[in-house]
There are 4 protein chains.
Amino acid sequence: MLVGDIMNVGVIGATGYAGQQLVWLLNNHKRVNISFLASHSYSDNLYSSVYKNYKGFIQNNCINIQQVYENLSSLDIAFIALPHGKSMDITKDLVSKGIRVIDLSADFRLNSPEVYKKWYGLEHGGKELLQESIYGLPELNRDSIKNGQLIANPGCYPTASILALAPLLKNNLIDIDTIIIDAKSGVSGAGRSLNTNTLFCECNESVKAYGIGNHRHTPEIEQELSDLINGNISLLFTPHLIPMNRGILATCYNKLAQRCSVEALEEIYKDFYSHNYFVRVLEYIPETKWVKGSNFCDIGIVLDNKTNRVIVIAAIDNLIKGAAGQAIQNMNIMLGFDEWEGLNFPGMIP
Amino acid sequence: MLVGDIMNVGVIGATGYAGQQLVWLLNNHKRVNISFLASHSYSDNLYSSVYKNYKGFIQNNCINIQQVYENLSSLDIAFIALPHGKSMDITKDLVSKGIRVIDLSADFRLNSPEVYKKWYGLEHGGKELLQESIYGLPELNRDSIKNGQLIANPGCYPTASILALAPLLKNNLIDIDTIIIDAKSGVSGAGRSLNTNTLFCECNESVKAYGIGNHRHTPEIEQELSDLINGNISLLFTPHLIPMNRGILATCYNKLAQRCSVEALEEIYKDFYSHNYFVRVLEYIPETKWVKGSNFCDIGIVLDNKTNRVIVIAAIDNLIKGAAGQAIQNMNIMLGFDEWEGLNFPGMIP
Amino acid sequence: MLVGDIMNVGVIGATGYAGQQLVWLLNNHKRVNISFLASHSYSDNLYSSVYKNYKGFIQNNCINIQQVYENLSSLDIAFIALPHGKSMDITKDLVSKGIRVIDLSADFRLNSPEVYKKWYGLEHGGKELLQESIYGLPELNRDSIKNGQLIANPGCYPTASILALAPLLKNNLIDIDTIIIDAKSGVSGAGRSLNTNTLFCECNESVKAYGIGNHRHTPEIEQELSDLINGNISLLFTPHLIPMNRGILATCYNKLAQRCSVEALEEIYKDFYSHNYFVRVLEYIPETKWVKGSNFCDIGIVLDNKTNRVIVIAAIDNLIKGAAGQAIQNMNIMLGFDEWEGLNFPGMIP
Amino acid sequence: MLVGDIMNVGVIGATGYAGQQLVWLLNNHKRVNISFLASHSYSDNLYSSVYKNYKGFIQNNCINIQQVYENLSSLDIAFIALPHGKSMDITKDLVSKGIRVIDLSADFRLNSPEVYKKWYGLEHGGKELLQESIYGLPELNRDSIKNGQLIANPGCYPTASILALAPLLKNNLIDIDTIIIDAKSGVSGAGRSLNTNTLFCECNESVKAYGIGNHRHTPEIEQELSDLINGNISLLFTPHLIPMNRGILATCYNKLAQRCSVEALEEIYKDFYSHNYFVRVLEYIPETKWVKGSNFCDIGIVLDNKTNRVIVIAAIDNLIKGAAGQAIQNMNIMLGFDEWEGLNFPGMIP
């Protein structure tokens, strides 16, 4: 690859919310060309008739999954933004053909097919790839991602949660049996498929917890944090649905293993993320609006001396750092681009 | 008092959000007459010019605080819905004149003037009343409320939090050092005074934590739960601001002191609240929309065996069960009405 | 009927948004008993499992449409809150059995089966009833409603539009060729059936016009206004979708036929609606929030001398005065109750 | 100027919503350097402490207006995003010093000081510049903007309204006495200053009309449309406030002067805007979400043959095409950049 070369990428599952965000970012990226946009639901439709913001930008029709196979020559990266369970077969196929894949679904995030089956209720159709796939969180796995063939792009909740907790765990600062993650997400995290629960009038003006203790992102968070300390983390993860389009706030509670000042903790976090452009360690409490529309993860740390707890709060845009932006970040690493290429803009408010 | 008698009540601070909700409920109540509506900001204005929903219902002008004193004869109850610090003097005055007062501010909730000073930063001007005032949570203090002279109406977060945790504590079911309350509130909880933080564009499409570990409702929750067990509870309370008008969801995390089934816990809760119409113990997870516009507190219980934690979730309408509705409930008890008089309707959705 | 008698009513289509609002109001109404709640989608389910706000209030299961027929004895009124096209057959049946029906669908609003077919695309299955059915707008048709057998409850947009325009037309104040109605509705008006367009993320943070010039409420508005003047009104109606749960604001533009002061117009409106409790003629511009949760229609009038236009703005809660509240108002008239029985409360804000 | 030169710009009034959006766009623009950010309210504060999305992007403190004068050397363009009335003096000063100014306030939009005084209630302090200033709507005035010294950046409502109506008027297609503009705006249009009316709980879940017939954007729209036809347009403009952050939808009603097909009208519009990248003429009805976060103006046309009216609907992002984006577009034209430099991205949804 020469500097300045344009790479060819394709998106499978381009009409879901994560797929669409990917298209937005790819369209904006100076170094890539979109070879195709594939969609189960909208094949043969103009992409810009589904998402009318692209009128004048994207002239392509969506293709179907079969047509993907006719468009693989000279493809550098395939992004897969299908629901879990729908990704495994096509990913296996593409990988076997030598295509590098960034999979935004959950299908290749868990190392163990048994754990996958337990939490997703499905027999895994690509077990042999589970050990090979790289968990695509650049802040922890940058080097492996560089030469990865199959990148399992992290879930939105795990991205915020793992980034919030990794420095504490890596530095043995907390009692690992005490971790509680109370996370709040905008509605786009639930996707664009039809469901009474995500109708406007059902979500607006209400907040609820769901999947307490049994949300599928739990084993993903536990796996990555356990790997980090070569230990065995068991934690409690509680997601909540908030009436807004975008954003995740993860409020993480931990018992300190030793007394520590907040300044010292901030220093530890800043060190830990010193070469990680997209993590901003703050001296104040984050809000999702400051990262909305950006690839940043903002992290704030609070000590409660009364109860000897450290509370770490992480804010991301679930569709960007929690999905499509992170996928681009992974692509940049894989293709040798600057990691922030096409992602280097602040959140847009209000 | 004879059955059927109409009681006279006045509202001081009638133009804040809690005051307005109180007016809505009093207007709807068959057994009371509103003697006056007092307001610092809008005295001499038609109440229905400030809150135009009352056009045709309320013809009164707002009076000022001085005029309140000319309207005390034959007053049965005075409601005070002023900000903390503004209530103590007038409350003391009214109580000294023999008026029964329900104070919605925080001024008479804490027993200790030192604790008040520490958390509110003010010298308390009515210390002698702190021991006399009754914490107006009917589910715990119904009998004292009945003959109370000064009722300190609970805060919104404390109402949800205490109702969620009381049965666990009273039955010694949890390790009391492990309590974490992660609460989410709609914006009306912040009141109607001008503040950049509560402008539409600042709150909408965002979520944030605030006052972590130092929110003023913390000592109130700790005091009441400590009293309940004659012990000393120290807990972590973290409120969050959610882009919606009304509602509080309190997600309460606790380590179980002993193994226990969720069915057994539900039974314990149902027993505990068996004579409490406004607490509904659910077999599912509550959402704020189901209590919006009502005086109910919905409580759901989840066990996470993996981490041996019990998670109790309580949902209320912050302006009703968290403020004005509870004040009416207290009034009903004080005046010998049915506790649900004027409050007996379900939430209004969507 | 004796004063104090309790009447029996049933709701067919009780699990849509309008049906649910009807249940809320009926539950609150002192003079009626709910005989049954019927639902296509949720028959055999506890009503309070679909709408959990009713926990503790309603113990009934939903019945299916077949079971309705086993529950007709001693039924005083049947409410039908089914989608258009689904109501005509059952309405015909019930009417033929002597049941008085209030139909919230559009099926019996238009007098002409040809017009119905043109706008709704369906052959009408109950043509013979079209001339008999009464258009249930009490402010215009109170006397006919009193003894009506079949009441066609008005659409939400027509309620606001007709109430806004009737006094102008009745008094020959405007050039009837110049009427434009630009209406804005909350999302609950679109109902609770699954549709990508009403998902939270599709509606939130956006506004759009739809059905310009061809929305099905157009002929309904034209028919009623034409009847009012024994003329032939042709107007332009443009609805818009607004990111909120409830409320309709209809901004109605008209060329004045003669110069007139705003005070004179307000007087004319006040006269016109002098015996109509639920219409409030204002001296200011209405907002939907002041009628949210109530049965009121607020009307404001503005003159633009520069262009010789009178702009009339009407605000209603689309689910109450625009649907279920108006149905109750009709029921009260039919059963000889006070017209405001069960509806006599102001809007709830915020 | 050489190709590739970086130009220096400053922003006065950088902490309002329009100013902030300008900063976002300038920060993203490859050809400019931000020399200073000035703010009355936040001088001496880190810009990124006011708008925390800029953490890591902008290290500058806000300067005060006095300090602006010390930073004028080598300044190529000054943007002024102050409230009306506050801009005139500093603009006059800067222009007199030879600085090219793009003023986002209303102060230099109206040609006549009398009209300014009538609508804004202020004596104009820079009358002599009113004839010189260029109305900065590139689609109509591109050539004058190129060499302009003082650009009056259009208001948000006028941008949408004028773009919607210009082709009809220029082609004599409508009866000019019949124009009605019914516009709907998100809350950011009201700015960031403290006002009870823009508190979250006051705007959320409500819609209202305001300033009917007397909104200050009326003379601005009339002036520009009148200029376009060398005539005298008098129209009715009615703005509404919608519970969303961003976006304006202008629904424009006009009587056709002659029969015309919708296809012919679309052709006329496409011709009219053929060299105008940021206007997209659609074959469908626009929604604000498709332009949110972009500089596009989407226009849709509907004919209502029944009433012989043409309805033109325009959608913009009020902070971008309606303010800061248009200012950048003007800057690009003034500095000889590609007009879309720094603006060439589609809207971001959801």
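For the structure, check the block above.
Let me sum up the structure you'll find in this document. (Residues numbered from 1 in each chain as written. Chains lettered and ligands numbered in written order. Predicted model: local features only at pLDDT ≥ 70, side-chain atom pairs only at ≥ 80, totals over all residues. Heavy atoms only, no water.)

## Considering the nonpolar core
Where we set the bar: What is meant by a nonpolar core is a set of buried Ala, Val, Leu, Ile, Met, Phe, Trp, Tyr and Cys residues, joined one to another through side-chain atoms within 4.5 Å. Note on exposure labels: buried denotes an accessible area under 20% of the residue type's maximum, exposed denotes more than 50%, and partly exposed covers the range between, all computed with a 1.4 Å probe on protein chains only. Pairs of residues are marked as contacts when any of their non-hydrogen atoms sit within 4.5 Å.
One finds F79(A), F79(B), F79(C) and F79(D) to be the most contacted residues of the largest nonpolar core, which totals 262 residues. Setting aside chain neighbours within four positions, we find F79(D) in contact with V9(D), G10(D), V11(D), I12(D), L22(D), L26(D), I102(D), L104(D), A327(D), I328(D) and M331(D).

## A closer look at the relation of the copies chain C and chain A
For clarity, the cut-off: When the copies are superposed, the least-squares fit draws on C-alpha atoms of residues that have pLDDT of at least 70 in both.
Overlaying chain C on chain A yields an RMSD of 0.0 Å, the required transformation being a rotation through 180 degrees with an accompanying axial translation of 0.0 Å. Overall, the copies show the geometry of a two-fold rotation axis. Both copies share a contact surface, since 100% of the interface residues of chain C are interface residues in chain A too.

## Observations concerning the relation of the copies chain C and chain D
Turning chain C through 180 degrees and shifting it by 0.0 Å along the axis lays it on chain D, with an RMSD of 0.0 Å. Comparing interface residues between copies, 100% of those in chain C also sit at the interface in chain D, which points to an isologous, same-surface contact.

## Looking at the state of the cysteines
Heads up, the rule is: Counting rule for disulfides: a pair of cysteine sulfur atoms within 2.5 Å.
For the structure shown, the criterion picks out 0 disulfides over all chains. Free of any disulfide, C156(A) has its nearest cysteine sulfur in C201(C), 12 Å distant. The class of C156(A) is buried, set by a relative accessible area of 13%. Not engaged in a disulfide, the cysteine C252(C) finds its nearest cysteine sulfur in C297(C); these two sulfurs lie 9.6 Å apart. Look at C252(C) and you get buried, because its relative accessible area is 0%.

## Brief notes about the interface of chain C and chain A
Worth spelling out the cut-off: Take the accessible area each of two parts loses on contact, using a 1.4 Å probe, and add the two losses: that sum is the buried area. By definition, a salt bridge exists where a carboxyl oxygen of Asp or Glu is found within 4 Å of a side-chain nitrogen of Lys or Arg. Definition of a polar contact: a pair of N or O atoms within 3.5 Å, with one able to donate and the other able to accept a hydrogen when the atoms are protein atoms, and with sequence-neighbouring residues admitted only if both atoms are side-chain atoms.
Between chain C and chain A, the contact holds 19 residues from the first and 19 residues from the second. Between chain C and chain A the total buried area reaches about 1,700 Å² when both faces are included, carbon and sulfur atoms providing 61% of it. In this assembly, chain C and chain A are joined by 2 salt bridges. The residue E202(C) makes a salt bridge to R192(A) at a minimum N-O spacing of 3.1 Å. Connecting chain C to chain A are 8 residue pairs in polar contact (both at pLDDT 80 or more).

## Examining the interface of chain C and chain D
We apply this condition: Helix and strand definitions follow DSSP, with helices as H or I runs of at least four residues and strands as E runs of at least two, each counted in order from the N terminus.
The partner chain D presents 47 residues to the 47 residues of chain C that form the contact. Between chain C and chain D the total buried area reaches about 3,800 Å² when both faces are included, carbon and sulfur atoms providing 58% of it. Connecting chain C to chain D are 6 salt bridges. Salt-bridge contacts for D182(D) lead to K184(C); the nearest nitrogen and oxygen are separated by 3.1 Å. Viewed at the interface, chain D and chain C are joined by 28 residue pairs in polar contact (both at pLDDT 80 or more). At the level of elements, strand 7 (180-185), helix 9 (200-203), strand 8 (208-209), helix 10 (217-229), strand 9 (236-241), strand 10 (248-255), strand 12 (297-304) and strand 13 (309-316) of chain C are the ones that each hand at least two residues to the side of chain C that touches chain D.

## Some details on the pairing of strand 10 (residues 248-255) of chain A
Along any regular strand, the residues point their side chains to alternate faces of the sheet. Residues and elements named next belong to chain A. Filter applied, for reference: The pairing criterion is simple: DSSP has to find at least two bridges between the two strands.
For strand 10, a buried count of 7 out of 8 residues is recorded, marking the element as mostly surrounded by other parts of the structure. Across 6 bridges, the pairing between strand 7 (residues 180-185) and strand 10 is antiparallel. Its bridge partner lying in strand 10, S185 is registered against I248. Note that strand 10 and strand 13 (residues 309-316) share 8 bridges and pair antiparallel. When the bridges of strand 13 are listed, L249 appears paired with A315.

## Considerations on the pattern of salt bridges
The final tally for this structure, using the stated rule, is 56 salt bridges over all chains. Taking the shortest distance from any N to any O, the salt bridge between R142(D) and E339(D) comes out at 2.7 Å. Separated by 197 residues along the polypeptide, R142(D) in helix 7 (residues 138-146) and E339(D) in the segment after helix 12 (320-335) bring together distant segments of the chain. Overall, R142(D) belongs to the partly exposed group, its relative accessible area being 23%. When salt bridges with common partners are traced through the structure, they connect D182(A), K184(A), D182(B) and K184(B) into a single cluster.

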